[in-house]
Structure formats: structure tokens, C-alpha cells
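# Working through the structure, step by step
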Amino acid sequence: LAKTTQPISMDSYEGQEVNITCSHNNIATNDYITWYQQFPSQGPRFIIQGYKTKVTNEVASLFIPADRKSSTLSLPRVSLSDTAVYYCLVGDNGGGGNKLTFGTGTQLKVEL
Amino acid sequence: SQTIHQWPATLVQPVGSPLSLECTVEGTSNPNLYWYRQAAGRGLQLLFYSVGIGQISSEVPQNLSASRPQDRQFILSSKKLLLSDSGFYLCAWDRENYGYTFGSGTRLTVV
């Protein structure tokens, strides 16, 4: 399984765009990149998934360069409620019984 | 729609007592099911996963066990709890293009 590296913590202010970058140098050809969000005392929640280039949904955007050795989660105009831990995972796109490993993630703190 | 139920939400158990946590999934058949544990301030540790009834794979040697008696039921058990078993236990299932869906979790405190 590809190992991922992401910052331990980030601070931001309301209304700003936040970009969290994840490194995954050993990503395999058939691996997808998935980001999750976790609030205290809750299970992680799926945010976005991508394979290459750019993916956008109503919550975030995911940018993946051509070599796929890194990815960037972009949260537009964050609010206090975006304070959470964000995990970057690399593996199959779900349904395949892939045993994904969650690291310690990135603790995002949004302030007024 | 698919939903995942996990209970109880919180549990306080004495050392040496047994444990049984249950997880059920609705709205899908033959899901891949997982048990994770999260210690305070740590990432999620995969404990068990199952790809079908009676099929259990253990990732971490410990005094916990898992069973899947029905297609959409996954149970985490222990005969004798240790202090180190305290943590936040999460059940999950995965599906194509949507990654993992987690239950609401069980906060277990062993005293």
C-alpha cells in the first residue's frame, strides 16, 4: 500500500481558501486518491476522490499532477465548521476490500 | 439508501469483562466490512475486515475477535478486556467510487 505524507496541522481564517497537500511517491497505477474529513467523536466522512487531473464537487476540489506523486485538497472559503482532521488515502476506489490505512491526518483549525 | 448502524455509542467496562459491539448495514448486499480503532489523538488502526459471511481477516494480534454471522452484520468481541483496549471503535463498509462509509462509532473506556 502506498504511504502518504501530509502536514500535521494547518491554521486558517474564515473565508480563506485552504490547500492541503499530500505526498504519495509510491502510488500504483491503479490507485485512486481519496480524502476524508473527521470531526471529534465521529467517523471519517468521504469528501472527494480522484485518479488524475482535477476533480470538483460541492465541497472541495482535488488537484492531481500528471506524475500523481502528490495531490492537493482545496477547500474554498472555509468556515469555522471546517475545523477537522483531514486524511489523504491511496488505494482502490472502494468496493474492492482494500485495507486502507489512515495516518494521523492534517488537523485544520479555522479561526474568525 | 445505504446506512450503517453501530451501537452502543458509549461503553464503560471493567478490566477483565467481556465485550460485544455490533454493526449492521442496510441497503446493500455482500458488503466489505471493517473494524477500526482510534486511540486518543491518533490515526485509525485497522483491526479486522471481512469480505463475506464467516470470512474474517485480522490485521493486528490482540485479545479482540470479530465475527460475521450474517451478510450485513459484523461483531467485535473480547472475552477479557484490557486497559489498552480503550478507544473509539468504528465500523465501516466500502463501495466503488464512494470510498468508506463509517458508522457513528463506540467510545469504549476500560476502567
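Look up: the structure comes first, before these words.
Residues numbered from 1 in each chain as written. Chains lettered and ligands numbered in written order. Predicted model: local features only at pLDDT ≥ 70, side-chain atom pairs only at ≥ 80, totals over all residues. Heavy atoms only, no water.

## Quick look at the overall build of chain A
- Looking only at helices and strands, one finds zero helices and nine strands in chain A.
- Projected onto its principal axes, the C-alpha coordinates of chain A cover approximately 40 × 30 × 25 Å.
- Taken over 112 residues, chain A has a buried fraction of 45%.
- Sequence separation of at least 24 residues holds for 56% of the intrachain contacts in chain A that already meet a minimum separation of 6. (Helix = DSSP H or I, 4+ residues; strand = E, 2+ residues; numbered from the N terminus. Buried < 20%, exposed > 50% of the residue type's maximum accessible area, 1.4 Å probe, protein only. Contact = heavy atoms within 4.5 Å.)

## Brief notes about the overall build of chain B
- In terms of regular secondary structure, chain B is built from zero helices and 11 strands.
- Relative to its length of 111 residues, chain B is compact, with a C-alpha radius of gyration of 13 Å against a globular reference of 13 Å.
- With respect to the principal axes defined by its C-alpha atoms, chain B has extents near 40 × 30 × 20 Å.
- Long-range contacts, defined as pairs at least 24 residues apart, comprise 53% of the intrachain contacts of chain B with a sequence gap of at least 6.
- Looking at chain B as shown, the accessible area adds up to about 5200 Å², and 51% of this sits on carbon and sulfur atoms.
- Of the side chains in chain B, 8 bear a positive and 7 a negative charge, and the two mean positions are spaced by 9 Å. (Rg over C-alpha atoms; globule rule 2.2 N^0.38 Å. Areas by Shrake-Rupley, 256 points an atom, 1.4 Å probe, with all protein chains shown as cover. Lys, Arg positive; Asp, Glu negative; His and termini not counted. Charge placed at Lys NZ, Arg CZ, Asp CG, Glu CD.)

## Structural notes on the pairing of strand 1 (residues 3–7) of chain B
All names here are of chain B.
- Here strand 1 shows a buried face lined by Ile-4 and Gln-6 and an unburied face lined by Thr-3, His-5 and Trp-7.
- Sheet analysis places strand 1 next to strand 3 (residues 19–26), joined by five bridges and oriented antiparallel. By the bridge assignment for strand 3, Thr-3 is matched with Glu-26. (Pairing = 2+ DSSP bridges.)

## Details of the packing of aromatic side chains
- Evaluation of the coordinates by the stated rule reveals 10 aromatic pairs over all chains.
- Ring centres of B:Tyr34 and B:Tyr49 lie 6.3 Å apart, and the angle between their planes is 25°; this geometry places the pair in the stacked category. Here the residue B:Tyr34 occupies a position in strand 4 (residues 32–38), and B:Tyr49 occupies one in strand 5 (residues 44–52), the gap between them amounting to 15 residues. Exposure class is identical for B:Tyr34 and B:Tyr49. Each is buried.
- Taken together, the aromatic side chains of A:Tyr36, A:Phe46, B:Tyr34, B:Tyr36, B:Tyr49, B:Tyr100 and B:Phe102 make up a single cluster linked through ring pairs.
- Across from the ring centre of A:Tyr51, 4.0 Å away, lies the NZ or CZ of A:Arg68, which sits over that ring. (Phe/Tyr/Trp six-rings, centres within 6.5 Å; stacked < 30°, edge-to-face > 60°. Lys NZ or Arg CZ within 6 Å of the ring centre and 35° of its normal.)

## Quick notes on the pattern of salt bridges
All names here are of chain B.
- The final tally for this structure, using the stated rule, is three salt bridges over all chains.
- Of the charged contacts, one joins Asp-71 and Arg-68 as a salt bridge, the two residues approaching to 3.4 Å between their closest N and O atoms.
- When its relative accessible area of 3% is taken as the criterion, Arg-68 is described as buried. (Salt bridge = Lys/Arg side-chain N within 4 Å of Asp/Glu carboxyl O.)

## Details of the state of the cysteines
Residue and element names in this part refer to chain A.
- The final tally for this structure, using the stated rule, is two disulfides over all chains.
- Disulfide partner of Cys-22: Cys-88, at an S-S distance of 2.2 Å. Disulfide Cys-22-Cys-88: torsion about the S-S bond near -80°, hence left-handed. With Cys-22 in strand 2 (residues 18–23) and Cys-88 in strand 8 (residues 84–91), this pair connects stretches of sequence that are 66 residues apart. (Disulfide = S-S within 2.5 Å.)

## Notes on the sheet that holds strand 2 of chain A
Residue and element names in this part refer to chain A.
- Sheet architecture is open: four strands sit in the order 2-7-6-5, paired in antiparallel fashion. In this open sheet, the two strands that pair with only one neighbour each are strand 2 and strand 5 (53–56). Direction aside, neighbouring strands of the sheet carry axes that sit 15° apart on average.
- Relative to strand 7 (residues 70–75), strand 6 (residues 61–64) is paired through three bridges, and the arrangement is antiparallel. (Axes fitted to C-alpha atoms, helices over the stretch in contact; angles between N-to-C directions.)

## Comments concerning the sheet that holds strand 1 of chain B
Residues and elements named next belong to chain B.
- Pairing is antiparallel in the open sheet, where four strands are placed in the order 1-3-8-7. A strand with exactly one partner marks an edge of an open sheet, and here the two such strands are strand 1 and strand 7 (64–70). Here the average twist between neighbouring strands, direction ignored, is 20°.

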